[in-house]
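Architecture at a glance
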Amino acid sequence: MSTQPVIGGEVGRVHTGVTLRTLMAQPVFKLTLLVEGDAADLDREIAWVHNSDLGDPTPWLEAEQLLLTDGAQFAGSMSEELADRRTDEYVRRLVARGIVALGFATGIIHADIPQRLIDACIRHRFTLLEVGERTPFIGIIRFVADAVAAARVASLEWSLAAQRAVARAALRPDGLTAILEELGQQLDCWVALYDALGNRVVTKTRELVPEGVEAAVADVLRRGSRAGLHLGEGADGATLLTLGRRGELRGILAVGSRVPLDNAEHDLVSSVIGLASIALEQHSALDLARRQLRSGLLELLLSGDHAVAERTAARLWGPLPPDPIRVAVVDIPPGELGFLSELDVQAAAHGGKLFFAEQDARIVIVSSDADTGLWSGVVGRHGLTGGVSAVTTWAAVSDGLAEATRARASAGETPRLVRYEALAEQGLLGLLSASGGSVLANRLLEPLGRLGEDARATHLETARVWLEANCVTDQAAGRLGVHRQTLRARIATLERLLDLDLSRFADRTELWSALQLAER
């Protein structure tokens, strides 16, 4: 979705509703269509009507205007070649200026419209009208001027009513949400508000926000420039307006609009921006307070004071998820607040089924066992890594958090969720491996590297066979195909290098565990 800036204060104009088709339908104007440049030209709205006989009137014209002329500029003697060239240039400049059409009066200077002008209009696909029977130009100009005046009155009345409606919405308890919803109703479009980090403030919209808007919002925030932007055209069109000063943007208001906003609409949006700026500041402060409250509730829950935490949560957010529950731990990178916003939406939409809180650089999530789908999909969409406990209860929530933490450790840096049950299926060694046991195992066996690669492999194989033979020397020596004295010498070398007493069961277990974990 490409972005185009709204130039200066020209954010729009009053819509008259007057088109060429409207004027042609008035019998008093005696308008006849001679050249139809484009089928859509007859329904283009006319902003104003201007009359001029200048050879180049475009410096005094604006787009979407109707130009009327008596054709004095086409009178006078000149060569056919020069007349053709000047006529062609005249039409080409009008097209480039965005003029809706040319109305040519006959019966005053010219009995008929010059054929070279008709040919040039056909060549440039420019609409040409004949104004017959000496129709006064002032009548056409006054008709459009009256429409402009009526449109301005209607626009002012609409603007005052809309401003009052937004002001009333701001007085509601949910002021920020209310004014955004009211703006959407007044403009009959979707409205979305984003904070300074590009996170969307939770509000309802009349329609889905088109793809590409959030990327454009992020681009504007990254540049830090204060500006208005119109994105795309048609059904996916949108206007972005920044909140705050250049370099200190507070957010962006996005409004679904097929064309740039007109003056009255822009005034209304500007009022909403002022209210939203104040609300965003309050929203940020409240959001921080809520996050800190959640963290405090989590500490209460982990300390075993479930009753106090539950009463507090019920007053602020609603009941806590009922037993049986699962606890999840999810790493959250710095600045990744979009994840928190989505969790907030889910928690608000599914009261009593989801609780979450920040703890250091991670998020702790608690939900009923049947409701893990409320947050697991959000984790996946944001590409985060986490661990999930086995089914537990609030009474054992601390143990659940420990299980989730161990499961998270086993996930490494891969974006995924690991359930504690998956570790339990691997047994105690699986849990030790997931918790970094293989690192300790390799460190314990590291001194064997002094023997050289071949001797190290021989001593490790000797240890495995000896332990599998329940430390029976003759049996292990037979399996290895070596003399029992050779085996005893190798065991002694292991004891010396690894600082173990392999006559003790505990040291034998440590060696066996290290051998198992080193292979994982």
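Shown above is the structure to which this text applies.
One structure accompanies this document, and this report is about it. Keep in mind that this is a model prediction, so the values were computed, not measured.

Attention now goes to the overall build of the protein chain. A count of helices and strands for the protein chain gives 18 helices and 15 strands. Burial status across the protein chain gives 44% buried among its 520 residues. For the protein chain, the accessible area works out to roughly 26,200 Å², and carbon and sulfur atoms hold 52% of it.

This part is about the sheet that holds strand β2 (residues 31-35). The strand order β2-β6-β5-β4-β3 describes an open sheet built from five strands, whose pairing is mixed. Lying at the two open borders of the sheet, with one neighbouring strand each, are β2 and β3 (48-51). Direction aside, the axes of adjacent strands within the sheet are offset by 25° on average. Relative to strand β4 (residues 65-69), β3 is paired through four bridges, and the arrangement is parallel. Bridging across to β4, V49 finds its partner in L66.

The next point concerns the pattern of salt bridges. Taken as a whole and judged by the stated rule, the model has twelve salt bridges. R44 is paired through a salt bridge with D41; the nearest N and O atoms lie 3.6 Å apart. Looking at D41, the relative accessible area reads 9%, which means it is buried. Its salt-bridge partner being R123, residue D88 comes within 2.8 Å of it at the nearest N-O pair. Placement of D88 in helix α2 (residues 80-97) and of R123 in helix α3 (residues 115-123) is noted, with a sequence separation of 35 residues between them. Because the salt bridges share partners, they merge into one network encompassing D41, R44 and E64.

Here the focus is the packing of aromatic side chains. The final tally for this structure, using the stated rule, is three aromatic pairs. Considering the side-chain rings of F74 and F104, the 6.2 Å spacing of their centres and the 40° angle between planes classify their relative orientation as tilted. Of this pair, F74 sits in the loop between β4 and α2 while F104 sits in strand β5 (residues 101-105), and the two are 30 residues apart along the sequence. Of the two residues examined, F74 and F104, each falls in the buried class. A connected cluster of aromatic rings, assembled from ring pairs, spans F74, Y90 and F104.

Criteria and thresholds
Residues numbered from 1 in each chain as written. Predicted model: local features only at pLDDT ≥ 70, side-chain atom pairs only at ≥ 80, totals over all residues. Heavy atoms only, no water. Helix = DSSP H or I, 4+ residues; strand = E, 2+ residues; numbered from the N terminus. Buried < 20%, exposed > 50% of the residue type's maximum accessible area, 1.4 Å probe, protein only. Areas by Shrake-Rupley, 256 points an atom, 1.4 Å probe, with all protein chains shown as cover. Pairing = 2+ DSSP bridges. Axes fitted to C-alpha atoms, helices over the stretch in contact; angles between N-to-C directions. Salt bridge = Lys/Arg side-chain N within 4 Å of Asp/Glu carboxyl O. Phe/Tyr/Trp six-rings, centres within 6.5 Å; stacked < 30°, edge-to-face > 60°.

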